[in-house]
Every structure is written in C-alpha cells, then in structure tokens.
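Remarks on the overall topology
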Amino acid sequence: MNASAISHTPHAGELERYTFTERVMHWTSGLTYLYCLSTGLAFYSPHLYWLAYLLGGAPTSRFWHPIVGMGFILGTLWMHSLWQRDMEITEVDKRWMNQMQSYITNDEEHTPLSDRFNAGQKIFYWLMFYGALFLLLSGVFLWFPEYIPRQFAWVRGVMILMHEVAALATIGGFIIHVYMGVFMVPYSTAAITTGYVTRGWAWTHHRLWYLRVTGQRNDNV
Amino acid sequence: MANGPLQIKAISGHAGTVPGKNTSSDYDICKLIDVTTCIGCKACEVACLEWNGYPFRETVFDNTYQTMPDTEWNYYNLIRFNEFTDENGNFSWLMRKDQCMHCADPGCLRACPADGAIVQYTNGIVDFQQEHCIGCQYCVTGCPFNIPKFNKETKKVHKCTLCSDRVGAGLEPACIKACPTGCLHFGTKDDMKDLAEKRATQLREHTSHKDAGVYDPPGVSGTHVIYVLHDINNPERYGGLPKDPRVPWMVRIWKGPLKWVGDFAIVAGIIGVAAHYFRFGPKEAEPEPAQKGSDK
C-alpha cells in the first residue's frame, strides 16, 4: 500500500504481522474449511444441495469431504503448534471480554488494548480448535460407518449429532471471523495474505503487540 | 399417470414439492408373511436373486439352516432361523423371512441427504434409486431394522425393492410367486391386515399359540410387510425383529429441531453481521502517533 513505485523495498516501514509459514498455514486451514463447509452444507440441507453439484457432484463431494477434512485437521494442528502461545487467554483478555460491548459498538476508548490477537480472535481460535477435534472424532465414524458393528448402531446417530452440532458451532464463529476480516477491520485480509500491516493499523488494533514489536514495551509487562 | 401405481409421494433430500404429494393411491400394497407356515425352503431367496439378477453366493454354515449371517447388498431376502425351546421344554424352529419392511414412516428416507436417492411411492413401496445415492450410509443409521446394505465397491446402498418393477407392471413380487406353502401373500394393506388377523385368531383359538398376533409396528406408522407370529410378545426371538421399532431419536432430533435451530442461527448470524456493519461500520485504522509511543 505505502510501497509505491519510488520504493524498491516492498512493505517498507510496515510491520510484519504474519510470517510466510503462518500465512500458508492459515490459508490451508481456511480453504480446506471452506470446502468442507460447502460440501457439508450440501448434505445438511436439501436447499443447499446445489453446492455439491457446483463442486463436482454429490458422490464426489461425499468422497472428498472427509479427505479434505483431514487437511483441515492438519492445518488446525499446524496452527496450534504455531499460535498456541499467542492464543493463551490472559488477564487483559478477560477484561476485554467483560468490555466486549465497547468493542462491538466501536467504542475504542473503553476497549482494553490487545496484544497480537484480541480476545475475540482467541475465542474464535479455541472454538475452531475444539470444534475441529470434535469434527475429527465424529467424522471418522461417519467416514467409515460400515465398520461399526450392529450392536453399536446407536453410535452412528450420536456421531452424526455431534458432527452437526460441532459444525454449526464453527459456522457461527466462521461467519463472524469472515465478517471481521473482510468488512469490519479493513486491511485484515491483506495482512493475512501479504503478511504486512501499516504501523497505524497495528497501533489501532493491536496496541500491545505494536508496542512490543516496535521495541516500546518489554515482553514481560 | 403413466406409471400409475408408482407415483412418488416422498423424496429424500428434496427441496420443494413432490409430484404425488396431494394424490392418493386407491390402496396401499402389502406383503404378508405368515411365519407359522414357513418351512424354510428358501425358494423366496432364490426367486429374489433370480429376478434381481444377482449371482448366487457361497453359503455360510452356522449350525442352523440359515443361508448366511445377514442380508447383503445383493442378497435382499434371508430366512432367519432360530432354535427355540420354551419354558416347557418344547423345541421349535422359528423361521422368519427378513427383508425391508417398507415402513410408512421410513427412517432411511428421513435420514438420506441425497436428492432422490430414496423415494416412497403412493402405494407404500420405499425404493432406493442408486444413481442418486452418494454412499454416506445415513439410511443405515435411520433404519430400525438393519436393512440397507452398502456395496463397498460401488459405494451405493441396496435393499429389497418389494419388486417395484414387477408391482408397477401389475405383477406380484418374485418371492410371493415362488413360495410353495402359501406362507407369503400379497395384496392391499387392508386385505392383508384382515387375512393376518384371521390367521392370528385361528392360531389363538385352535392351536397352542395363545399369543399369536400380527406384527405391524405403529412406531414407524405401520409397515408394508407384516408378519403373523406365534408369539407377538416376543418378536426378538425371530432373528432379532425389534419389539417397538422407531426411527432413532438421534435421527429425529437431527432432522427435526436441530435443523430448525441450525437454519435459524445461520441466517440470523448473517443478517446480524450485516446489520452490525450498517449500524456501526468498519474500524478504520488511525495513524500511528508521531512521537515515541506513550504507553497507555
């Protein structure tokens, strides 16, 4: 954005928010989730069955949904290995959650400052992390139901219910996540794609992180 | 209609209306199996294979006369044997022809997400349309009788069609045609129910089977295959016929309240974030303060 034709250094003066690895990891998780969401919604509602036709037909969708789902699981575990520490809920986050109303209503003055991720992002992260685990656990049973012995037939029903509840929970988070990233906080999508944000963006949205990476604050506050 | 008796009244995974929704068949068809006159000859098993064009397969000896442990994707119809000794030490063979029951409220159809993979005709036949099947096997989860069977090679599920192809052409199902003892009957549901009740009454009044009765389970709104049993109080003895079959509650929650809640939540969520955007707008980034950060 600021890197105009006169500058030969891309992103000069900007802050690196996401490394290359983090961006690949995020989009691996995101795109695999999007595929599973689309095919899953096709199986979820007759009114959305056309999504399966769009993606190559319903039998194709049934075949790939669990395989791509494993990609999502791997992406999630990768994310966990990279972001687990950044996602720990801190005292600041608890204050943020109590003050969530001010964040929602754009009352920035009363919104507690955020570190690299704000508490809302962390809630979304943990929702997706545990959602993924539940989707994996139940999904394995839905993937190979023919191997469930007849006396455990009820397991199939329980797993279908678990899969659907977990999926709905992640969809709720996903709607808000996409909304925040695409509409609510401009340049977020660019950040997770290019990896860089302006210093003003960092100062506005993630002040504690900004202060840390610009050397104005010690790591141990 | 061109295919008269085979007009469709319910379609799985279908958005929108169904052609036979407001039509009514003059009669429901029904298969009556009088287990008290079955001799276990398996002519019905052979006839089923022959009509449907499936190969004969190896039988599995399990110390009874049962052909194999269970029905298969290409073996719709199996006589289940049970050697039963009552409290007085009387020994008897219980033989039951096991196949799809063609429920009036089919759990398979309720559970199926694939548009048109399972249909129910106005005459009561529940039929799988394999060309629309996606192989998810939710039908297996929905069925209280353990009937749909998966073909691992083609990833399609199969079951007894009640010879919908024959019935549609005005013929009786192949198994009925082959039965040598008259243990199998085919006709309208009313007639078969009537015949079954008469036979059960006869058994109660003229034989030692004082608990004889007709199996037409109300938990699935009745079936289009009904049994006369010697002992209606213990259907489990007949190779695990469930006493009170119902579409599993998990399936009913999943396809009922959970769907409504889920649909509402997704739509409300999308409307909610849109409304939020119009009300509060985006969080624009402010410029970084010029001086070295004043810690807040």
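Above this text you will find the structure in question.
These numbers come from a predicted model, not from an experiment. (Residues numbered from 1 in each chain as written. Chains lettered and ligands numbered in written order. Predicted model: local features only at pLDDT ≥ 70, side-chain atom pairs only at ≥ 80, totals over all residues.)

Thoughts on the overall build of chain B
- Each helix and strand in chain B was counted, giving eight helices and 11 strands.
- Taking 2.2 N^0.38 as the reference for a compact globule, 296 residues should give roughly 19 Å; the C-alpha atoms of chain B span a radius of gyration of 26 Å, well beyond that estimate.
- Each of the 296 residues in chain B was classed as buried or not, and the buried ones make up 42%.
- Sequence-distant contacts in chain B: of pairs separated by 6 or more residues, those separated by 24 or more amount to 62%. (Helix = DSSP H or I, 4+ residues; strand = E, 2+ residues; numbered from the N terminus. Rg over C-alpha atoms; globule rule 2.2 N^0.38 Å. Buried ≥ 20, exposed ≤ 12 C-beta atoms within 10 Å, placed from the backbone. Contact = placed C-beta atoms within 7 Å.)

Quick notes on the interface of chain B and chain A
- Every contact between the two is made by 42 residues of chain B and, on the other side, 44 residues of chain A.
- Elements with a minimum of two residues in the side of chain B that touches chain A: helix H3 (138-142), helix H7 (249-255) and helix H8 (257-280) of chain B.
- For the side of chain B that touches chain A, the element with the highest residue contribution is H8 of chain B, accounting for 10 residues.
- Class assignment of the residues belonging to the side of chain B that touches chain A gives a composition of 22 nonpolar, nine polar and 11 charged. (Nonpolar A, V, L, I, M, F, W, Y, C, P; charged D, E, K, R; others polar.)

Observations concerning the sheet that holds strand S6 (residues 126-128) of chain B
All names here are of chain B.
- Spatially, S1-S5-S6 is the arrangement adopted by the three strands of the open sheet, whose pairing is antiparallel. The open sheet has two free edges, formed respectively by strand S1 (8-11) and S6, since each of these has just one partner strand. Looking at each pair of strands side by side, their axes are set apart by 30° on average, direction ignored.
- Bridge count for strand S5 (residues 118-121) against S6 is three bridges, and the pairing is antiparallel. Across the sheet, residue Val-119 finds its bridge partner in S6, namely Asp-127. (Pairing = 2+ DSSP bridges. Axes fitted to C-alpha atoms, helices over the stretch in contact; angles between N-to-C directions.)

Quick look at helix H6 (residues 189-206) of chain B
Residues and elements named next belong to chain B.
- Taking 1.5 Å of rise per residue, the 18 residues of H6 would be expected to cover 26 Å, and the 25 Å separating its terminal C-alpha atoms lies within 8% of that figure.
- Those residues of H6 lying buried are Lys-189, Met-192, Ala-196, Ala-200 and Leu-203. Taken end-on, H6 shows its buried residues confined to a sector of 70°, consistent with a single buried face. The exposed set on the far side of H6, more than 90 degrees from its buried face, consists of Asp-190, Lys-198, Glu-205 and His-206.
- Where H6 is buried, its residues touch strand S2 (29-34), strand S9 (184-188), strand S10 (213-215) and strand S11 (225-229). (Expected span 1.5 Å × (residues − 1). Arc of directions from axis to C-beta.)

Concerning the packing of helix H3 (residues 58-83) of chain A against helix H6 (residues 119-143) of chain A
Residues and elements named next belong to chain A.
- As a packed pair, H3 and H6 sit with axes 10 Å apart at the nearest point and diverge in direction by 150°. Viewed along their axes, H3 and H6 form a crossing whose handedness is left-handed. In contact with Pro-66, Gly-69, Phe-72, Ile-73, Thr-76, His-80 and Trp-83 of H3, H6 contributes Tyr-125, Met-128, Phe-129, Ala-132, Leu-135, Leu-136, Gly-139 and Trp-143.
- A breakdown of the residues in the contact of H3 with H6 according to their chemical character gives 11 nonpolar, four polar and no charged. (Left-handed = near helix turned anticlockwise from the far one by under 90°.)

Details of the packing of helix H7 (residues 153-184) of chain A against H8 of chain B
- Two numbers describe how H7 of chain A lies on H8 of chain B: the axes approach to 10 Å, and their chain directions differ by 10°. Comparing the axis directions of H7 of chain A and H8 of chain B gives the class roughly parallel. For the pair formed by H7 of chain A and H8 of chain B, the contact residues are Glu-164, Leu-168, Ile-171, Gly-172, Ile-175, Ile-176, Tyr-179, Phe-183 and Met-184 of chain A on the first element and Leu-258, Gly-262, Ala-265, Ile-266, Gly-269, Ile-270, Val-273 and Tyr-277 of chain B on the second. (Parallel < 35°, antiparallel > 145°, perpendicular 65-115°, else oblique.)

Here we look at the pairing of strand S4 (residues 91-98) of chain B
Residues and elements named next belong to chain B.
- Pairing of strand S3 (residues 78-85) with S4 involves eight bridges; the strand directions are antiparallel. Residue pairing for S4: Thr-85 is matched across the bridge by Phe-91.
- The hairpin turn running from S3 into S4, its antiparallel successor, is five residues long, and Gly-89 in that turn takes a positive phi close to 85°.

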